[in-house]
Amino acid sequence: SCLTRRSRGRNYEAELQKFRPEPFLVEFGEYHPLKPIMVTDTKTRRGARKGSTSSSSSSSSVPTDPLSSMLDGTDPLSMFAAASASERDKEEDPLGPDFEPWSSKRGEILARFTTTEKLSINLFMGSDKGKAPSPGSAVSEKVRTRLEELDDLEEGSQRELLNLSQQDYANRIEELNQSLKEAWAADQKVKALKIVIQCAKLLSDTSVIQFYPSKFVLITDILDTFGRLVYERIWTMCSDPRPLPDGFTVDDVNDTAKETCLNWFFKIASIRELLPRLYVEAAILKCNRFLSKTGIQEILPRLTAMIRGIGDPLVAAYARAYLFFINWIQFECGVGMEVAPQLKDNLNRNFFDLLGTFRQISGENVQNQLVLQRVEVPEYLTLYSPAINWILQCIAYRAPESLLTEMMERCKTLGNNALLLNSVMRAFRPEFVAARATDFIAMIKDCDEAGFPKHLLFGSLGRSLACADPPESERLTILNEAWKVVTKVRSPQDYINCAEIWVEFTCRHFTKREVNTILADIIKHMTPDRAFEDAYPQLQSAIRKILLYFHNFSVLFSIERFLPFLDMFQKDSVRVEVCRSITDVFLKNQVEPTRDPVILNAMLHICKTMHDSVNALTLEDEKRSLALLIIGFIRMVSFGRDFEQQLSFCVEARATFCNLEPVLVQLIHTVNQLAMETRKVMKGNHSRKTAAFVRACAAYSFITIPSLSNIFSRLNLYLLSGQVALANQCLSQADAFLKAAVSILPEVPRSISVEGKFRSSENFLLDFINNFLATLLVVPDHPEHGVLYLVRGLLNMVQDYTWEDNSDAKVRVYTSALPLLAAMSQETYLYSIPKMDSNETLYGGDPKFLSEINKLCETLIGQILDHLKALSKDEQSIRRQGALAFSLFGVVLAHGDLRNNKLSQLSVNLWNLSHKHGYCETRMSVRTLECIKHQAQQHDMTHLTDVVQRLALQSRT
């Protein structure tokens, strides 16, 4: 029996109208699919009398989707995360996000202040001959025994570690920190105190002075650990029978805890040396909370006075910094807020004491020490920066402007000390500094440059001005004054460190003219001796700042020195990273497509730089990332109705980006879209010119596609380009594309790489062939190649292709081809292309044409049935047989005229074969039968009633 000869006639328009869903008016009322459902939750009251039917009902709007609770943060994980974040914020940043904690500075200090000199650790660890008193001994006996142990500490044996590298030193300090914790856990409190005292003594050693700030950070970690352990121990003693509240007072502390706390302060007060006594008492200063409401206020002046006894100004500065750190904890904990003004006054007096020590820097002792260690004064002054910056940050935090003004006056009194002035500008609020920028410039001019270079001062000023705006009338004067100093800096590294800071100020407040001047000056300074090679981070920072303020790329690329500035990025990885950042900002901010030649030329240059960085060693992810950026740029190029110019751009882009396949694919898509837009815009006008342009677009695609390595990219683009050519009535070009696609089918490998994994190519190939078959319905036969030459050519390739073992792919293609042949036999095709004749018009139902379709159909059905007969060896084969038989049954049912007895019998046989072994999905079978019964109710399909009665459901037994 023949499918085409017996295919039923189709009136596609009538079928469409028949199966179009009927409109139905729905009364929603209060209902809406996105509105939460009101759920009534009825609960019996717990206190109801026995037998009572009383209940309480509550209505609540609850989302039916359990995941939707995530949106309002009420799910358990969100609540837990919020609670954790709240606790963490409370612990780490109770002062507010505008206060930078000491912990954030720690890493920077350790990384900045390093040394290659050998370091040493001197420890005087006493013997453990002291015995703990019996539980019943008097308090005075306890104190005396512990004081004897403390004396033993200072009279004990000496342990010295020499020739330590910086890393070894840090490791040894960490070991001491661990030893402190272990001693404390083992209830060896005196040993723990010995460790802390000996570590504090190390802070008096300035033999390797450039390492001192890092040493301070490492040692104070141990002091912080000790202070925390003591505080937690006393807190625990107060927690019986119930924990202390967060806002506890002295009245809430029991006598035992007070006695223990007082005992710790007595032991520390007996330490003989000033520096360890000061540091260890400061470490447990927080414990004063257990003893007195005003203890902090009373102790601060004494500790401040103790620091005056430290002879080395650097050691004294860091001792004051630690005192500021410890006292700031009082504010963090909310302790003594009623005495907060007095605390800040004490801290201010401490700072003013610090100012008085600056004259020691020029004294004989310090100068001799610098000569001995071969350290220059500017380098020595930078050692003070962390301490002074921290102190000033604490003082300036939310301070009134009157205090900040007083600080400025103190600086002037000291002769505009450059070190102090630098810290003031970095610690004070940017708004305060910006409002007085002219005053600060005058102070900078008066500073002595010998000790602290002025360009560093202008760098600090520039950082503030990047965050806050000075008065508009002063901005140009500020820039000119700053640049006079910056441009005279001889060291390229010092120059660029300062210059890149002022790039942001210039971009923020001025035009491309001033920015161009800055860039030209940077190029002038950094080009000699290729100094730019050591300044890539600063140069990249300058680019980022320019991109932050210049979103109009026509203006940006018209800056004369911008592209020469990019040329300084000679290192491949850095140059590509810069180009990536420029392209990324361009794509985010260029809203409308552009044809601006300034933008196009510059972006082509930038994208070419990215493209040319690709080589054999480039990772696939990197290639994909670069390709996406370049594709984004190509999509932003539009010449409007100047289609020839657009095509010329694509030709240039193809030559420029030939090594990135995704870019070539995008260009082919762009050209095909261009061809379609041309026809749409012209609307038949200038038909010869339009046809010539479309042929040029087709030629572009035909030349470009073979250069692609991905076989499926080539197949799909040949098909797409053929469809575009058909839509534009370019039959010879369409024919060439489709024949090219058929000719490369044998090149499809049996497996392909998908996201780094090898997968069978079979499903990808079948998807392509089905799309190809759908296109062939509208392709007219070539007069010189015979009837259905493209269909035959495709099927021949499928026949000769080497499919996988035990594969049904070839038969599935044959099954897919049958609906195409049935559609070709109709008087009117399901779809067609305007202004182009398909085979329905060329053959007009010619019997010879239908005969050719009939023969091809018979051949395909015969091969399918032969394949079905061969599938009966094992369970897997039987499953495949049932699936293929059911698929062919569906094709016969949809496209065949089942009034023909042989065709009707074939459909019944296929149904029975698919259900013979019970592997067919029952639900699908039931739905199919229901569909056939529904069709049988139509007046022209009543013959299906007989067929459906012969179709029985079978189950596997």
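Here the structure is a predicted model, which means the values were calculated and not measured.

Attention now goes to the packing of helix α17 (residues 418-427) against helix α19 (residues 437-446). In contact at an axis separation of 10 Å, α17 and α19 are set at 160° when each is read in the N-to-C sense. It follows from the interaxial angle that α17 and α19 lie roughly antiparallel. Remark: the crossing between α17 and α19 carries left-handed chirality. Residues L421, V424 and M425 of α17 form the contact with α19, whose own contacting residues are F440, M443 and I444.

Core analysis: the biggest nonpolar cluster contains 301 residues, and F351, Y380, W502 and I522 have the highest contact counts within it. Not counting residues within four places of it along the chain, the set of residues in contact with Y380 comprises I209, D312, P313, L314, I361, V366, L370 and V375.

On to the packing of helix α34 (residues 731-743) against helix α36 (residues 789-800), then. Packing of α34 against α36 leaves a shortest axis separation of 9 Å and a crossing angle of 15°. Between α34 and α36, the interaxial angle falls into the category roughly parallel. Relative to α36, the crossing made by α34 is left-handed. Contacts between α34 and α36 involve D735, L738, K739, V742 and S743 from the first element and Y789, L790, G793, L794 and M797 from the second.

To continue, consider the confidence of the model for the chain. Mean pLDDT over the chain works out to 83, with 84% of the residues at or above the 70 mark. In the model, residues 127-139 has pLDDT below 50 throughout and makes 12 contacts with residues more than four positions away in sequence or in other chains. The model gives residues 153-157 a pLDDT under 50, and that stretch makes 13 contacts with residues more than four places away or in other chains.

The next point concerns unusual backbone geometry. One non-glycine residue, R374, lies in positive phi territory at about 55°. Structurally, R374 is set in the loop between α13 (364-373) and α14 (377-382). Phi at Q729 takes a positive value of approximately 60°, unusual for a residue other than glycine. Residue classification places Q729 among the partly exposed positions, given a relative accessible area of 28%.

Turning our attention to the pairing of strand β5 (residues 751-754). Bridging between β5 and strand β6 (residues 757-760) involves four bridges; their strand directions are antiparallel. Note that in β6 the partner of S751 across the bridge is S760. Hairpin connection of β5 to β6: two residues between the antiparallel strands, including E755 at a positive phi of 55°.

Turning to the pattern of salt bridges, a few remarks are in order. Within this structure, the stated rule accounts for 31 salt bridges. Note that K201 and E273 form a salt bridge whose closest N and O atoms lie 3.3 Å from each other. Here K201 is found in helix α6 (residues 189-201), whereas its partner E273 is found in the loop between α8 (255-269) and α9 (274-283), with 72 residues between them in sequence. By relative accessible area, which is 15% here, K201 ends up buried. Between K608 and D612 there is a salt bridge; the shortest N-O distance is 2.6 Å. Note that K608 and D612 are positioned in helix α28 (residues 597-612) at a spacing of four residues, about one turn of the helix. Taking relative accessible area as the criterion, K608 reaches 39% and is therefore assigned partly exposed.

Under the counting rule described, the total for this entry stands at 37 aromatic pairs. On the basis of an interplanar angle of 70° and a centroid distance of 5.5 Å, the ring pair of W102 and W390 is categorised as edge-to-face. One end of the pair, W102, is in the loop between α2 (76-92) and α3 (103-112); the other, W390, is in helix α15 (residues 385-396), and 288 residues separate them in sequence. Ring geometry for Y801 against W803: centres 4.7 Å apart, planes inclined by 70°, an arrangement best described as edge-to-face. For the pair Y801 and W803, a shared accessibility class is recorded, and that class is buried.

Here we take up helix α30 (residues 643-656). For α30, which comprises 14 residues, the first-to-last C-alpha distance of 20 Å matches the rise-based estimate of 20 Å (1.5 Å per residue) to within 8%. Those residues of α30 that fall on the buried side of the exposure criterion are F643, Q646, L647, F649, C650, A653 and T656.

Right, let's get into the environment of S816. Relative to the assigned elements, S816 resides in helix α37 (residues 809-824). Considering only alpha carbons, one finds S816 and A774, 42 residues apart in sequence, at a separation of 9.6 Å. Discounting residues that sit within four places of it in the chain, S816 has contacts with N770 and L773. Within the structure, the side chain of S816 is placed 3.2 Å from the side chain of N770, a separation counted as a polar contact.

In this section: the side chain of T609. On the secondary structure map, T609 appears in helix α28. Here the side chain of T609 touches H605 through a polar contact of 2.9 Å, landing on its backbone oxygen. Among residues more than four places away in sequence, those in contact with T609 are R575, V576 and C579.

Procedures and definitions
Residues numbered from 1 in each chain as written. Predicted model: local features only at pLDDT ≥ 70, side-chain atom pairs only at ≥ 80, totals over all residues. Heavy atoms only, no water. Axes fitted to C-alpha atoms, helices over the stretch in contact; angles between N-to-C directions. Helix = DSSP H or I, 4+ residues; strand = E, 2+ residues; numbered from the N terminus. Parallel < 35°, antiparallel > 145°, perpendicular 65-115°, else oblique. Left-handed = near helix turned anticlockwise from the far one by under 90°. Contact = heavy atoms within 4.5 Å. Core = buried A, V, L, I, M, F, W, Y, C linked by side-chain atoms within 4.5 Å. Buried < 20%, exposed > 50% of the residue type's maximum accessible area, 1.4 Å probe, protein only. pLDDT = per-residue confidence, 0-100. Pairing = 2+ DSSP bridges. Salt bridge = Lys/Arg side-chain N within 4 Å of Asp/Glu carboxyl O. Phe/Tyr/Trp six-rings, centres within 6.5 Å; stacked < 30°, edge-to-face > 60°. Expected span 1.5 Å × (residues − 1). Polar contact = N/O pair within 3.5 Å; in protein donor to acceptor, adjacent residues only side chain to side chain.

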